[in-house]
Amino acid sequence: MFMGAHGRTEVKDVKELKCPEEGGTKQQYDDFMRKVKDQIGVGWMDGELVVEMIETRAETSVLIPGDIGGKATESEKVMWMEEVKLAAASARNHKDNKKAFYTLLFSYLSKATRTKVEGSNGYDKSTKSPIWLMATLDDIMMGFEKVNPTILAMDEQMCR
């Protein structure tokens, strides 16, 4: 288990995620994502943004307060500054949480599922996009994965 400052990359009562060829089902994948979402929503600092990302399958971000306008009192300025600091901290947490979420998902993949993910179009170790990974897992679990042409897949395997 890896425990960072913002969340754990371990989920209780979750089994390794298997692709359909290994006997995995869409229902098991949905249960897996539900358990992950529940854990993140409760246990991670600023985890609600990752939960929203899981639900919408789209990028989420922290709302930054706009500039304070007009004549503001000293107390209004101080309160605005605190809101800006909180938003900045939440943005940092969200960035770290997205990395932890990607790692969490990837760590629970079976060997065959991991191979399918690594052979999918758009796989890049340096990007580590949780949105891409969720979309790819959706495709794999539905049997519609987009794999690299055979010659490219063999070339990538040889490079590894």
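Reference entry: report on the structure contained in this document. Everything numeric in this text was worked out from a predicted model, so none of it was measured.

Re helix α2 (residues 48–56)
Then, number 1: By the burial criterion, the buried members of α2 are L49, V50, V51, M53 and I54.
Then, number 2: Of the residues trailing α2, R57 is marked for its positive phi of about 55°.

Considerations on the environment of I68
Then, number 1: Tracing the backbone through its elements, the reader meets I68 in the loop between α2 and α3 (74–107).
Then, number 2: On the accessibility criterion, I68 (34% relative accessible area) is partly exposed.
Then, number 3: Between the alpha carbons of I68 and M81 there is a distance of 9.4 Å; along the sequence they are 13 residues apart.
Then, number 4: Not counting the four nearest positions on each side in its chain, I68 is found in contact with E76, K77 and W80.

Comments concerning the packing of aromatic side chains
Then, number 1: All chains considered together, the criterion is met by three aromatic pairs.
Then, number 2: Pairing F32 with Y108 gives two aromatic rings, centres 5.9 Å apart and planes at 65°, and the pair type is edge-to-face. Pair noted here: F32 is in helix α1 (residues 26–43) and Y108 is in the loop between α3 and α4 (111–118), with a separation of 76 residues, a long-range link. Residues F32 and Y108 agree in their burial class; the two are buried.
Then, number 3: Arranged with centres 6.1 Å apart and planes meeting at 45°, the rings of Y123 and W132 form a pair that is tilted.

Some words on the packing of α3 against helix α5 (residues 130–142)
Then, number 1: In contact at an axis separation of 9 Å, α3 and α5 are set at 30° when each is read in the N-to-C sense. When the axis of α3 is compared with that of α5, the two are roughly parallel. The handedness of the crossing between α3 and α5 is left-handed. In this structure, α3 contributes K98, F101, Y102, L105 and F106 to the contact, and α5 contributes P130, L133 and M134.
Then, number 2: Class assignment of the residues belonging to the contact of α3 with α5 gives a composition of seven nonpolar, no polar and one charged.

Rules behind the numbers
Residues numbered from 1 in each chain as written. Predicted model: local features only at pLDDT ≥ 70, side-chain atom pairs only at ≥ 80, totals over all residues. Heavy atoms only, no water. Buried < 20%, exposed > 50% of the residue type's maximum accessible area, 1.4 Å probe, protein only. Helix = DSSP H or I, 4+ residues; strand = E, 2+ residues; numbered from the N terminus. Contact = heavy atoms within 4.5 Å. Phe/Tyr/Trp six-rings, centres within 6.5 Å; stacked < 30°, edge-to-face > 60°. Axes fitted to C-alpha atoms, helices over the stretch in contact; angles between N-to-C directions. Parallel < 35°, antiparallel > 145°, perpendicular 65-115°, else oblique. Left-handed = near helix turned anticlockwise from the far one by under 90°. Nonpolar A, V, L, I, M, F, W, Y, C, P; charged D, E, K, R; others polar.

Everything listed is a geometric property; what it means functionally is a separate question.
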